[in-house]
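Commentary on secondary and tertiary structure
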Amino acid sequence: MPILELLQAGHAGRLQSTSLQLQAGERVVLLGRSGAGKSSLISLCNGALQPDRGRLLWKGQPLNQRSRRQRCQLGTLWQDLRLVEELTALQNIQAGALGRYGWLWAIRNLLGLLDPGSCIDCIRQVGLGEELLDQSVQQLSGGERQRVALARLLHQQPELVLADEPLSALDPVLADDVLSTLLQAPGCLISLHRPDLIQQFDRVLGLRQGALVLDKPPGEVTNEDLAWLYSES
């Protein structure tokens, strides 16, 4: 059974009706010009954007009928990171586990009463210095903020990672580190503007003017496919 399915799902003005199946353990890259619908597809897949037609299924059932804990099996790394600016780096990372706990746990996190030990492995995976954990994310550099968001995602422990342009505005070394970490997830769907990286994935999807027009293994994607995908006409 596919882990995630879009069944003729779409949204007026953003994405044409699209059917898509993602299997457990797949590493999928999503390509397309700016405005092609990549962010909309990511938002449909995680439930942030409700389809005005069709359905979204997670493990065979509508995502909006799943429990909060089950919905948190889907994790998203947003392009704008969506960190809570007023909280410390540690509190933001801890928040990744909110779906596994209740509101009492969330209040304890805000008050700084939780044991930070559960976050240490995530922090080390993203190369974030422990000395930064008590700082407000407002004080962090762009690269440090990116690592905080990635550590929060790892702490969530999702079964499927959705990432919307996670390498944009990153220097080459940090971009390589972030992509390497994302590819270690149990499964992922990552939108990129980097056709040169497709060989690191199992499957390539291409969007053009809101329509899914390409779905191939990376070894079958031709230069002609890419040229057409990114052409204006």
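For the structure itself, consult the block above.
Here goes a summary of the coordinates provided. (Residues numbered from 1 in each chain as written. Predicted model: local features only at pLDDT ≥ 70, side-chain atom pairs only at ≥ 80, totals over all residues. Heavy atoms only, no water.)

1. Description of the sheet that holds strand E2 (residues 15-22)
Backbone hydrogen bonds are what pair the strands of a sheet, in a parallel or an antiparallel way. Ordered in space as E2-E1-E4-E5, the 4 strands form an open sheet in which the pairing is antiparallel. Each having just a single partner strand, E2 and strand E5 (61-62) make up the two edges of the open sheet. Across 2 bridges, the pairing between strand E4 (residues 53-58) and E5 is antiparallel. By the bridge assignment, Leu57 is partnered in E5 with Pro62. Sheet contacts for helix H1 (residues 38-45): strand E1 (4-11), E2 and E4; angle to E1, the most-contacted strand, approximately 125°. (Pairing = 2+ DSSP bridges. Helix = DSSP H or I, 4+ residues; strand = E, 2+ residues; numbered from the N terminus. Contact = heavy atoms within 4.5 Å. Axes fitted to C-alpha atoms, helices over the stretch in contact; angles between N-to-C directions.)

2. Some details on unusual backbone geometry
A positive phi angle is found at Gln8, which is not glycine, with a value near 50°. Of note, Gln8 is situated in strand E1. Of note, the phi angle at Lys59 is positive, near 55°, even though the residue is not glycine. The residue Lys59 is located in the loop between E4 and E5 in this model.

3. Things to note about the environment of Arg71
Note on placement: Arg71 falls in helix H2 (residues 68-71). Each C-alpha atom, one on Arg71 and one on Asn46, is 8.3 Å from the other, the two residues being 25 residues apart in sequence. Among residues more than four places away in sequence, those in contact with Arg71 are Leu63 and Arg66. For Arg71, the side chain forms a polar contact with the main-chain oxygen of Arg66, separated by 2.6 Å. (Polar contact = N/O pair within 3.5 Å; in protein donor to acceptor, adjacent residues only side chain to side chain.)

4. Quick word on the packing of helix H6 (residues 142-156) against helix H7 (residues 172-182)
Across the interface, H6 lies against H7 with an axial gap of 11 Å and an inter-helix angle of 5°. As judged from the angle between their axes, H6 and H7 are roughly parallel. Taken together, the residues of H7 that come into contact with H6 (itself represented by Gly143, Gln146, Arg147, Leu150, Leu153 and Leu154) are Leu174, Asp177, Val178, Thr181 and Leu182. The class makeup of the residues in the contact of H6 with H7 is 6 nonpolar, 3 polar and 2 charged. (Parallel < 35°, antiparallel > 145°, perpendicular 65-115°, else oblique. Nonpolar A, V, L, I, M, F, W, Y, C, P; charged D, E, K, R; others polar.)

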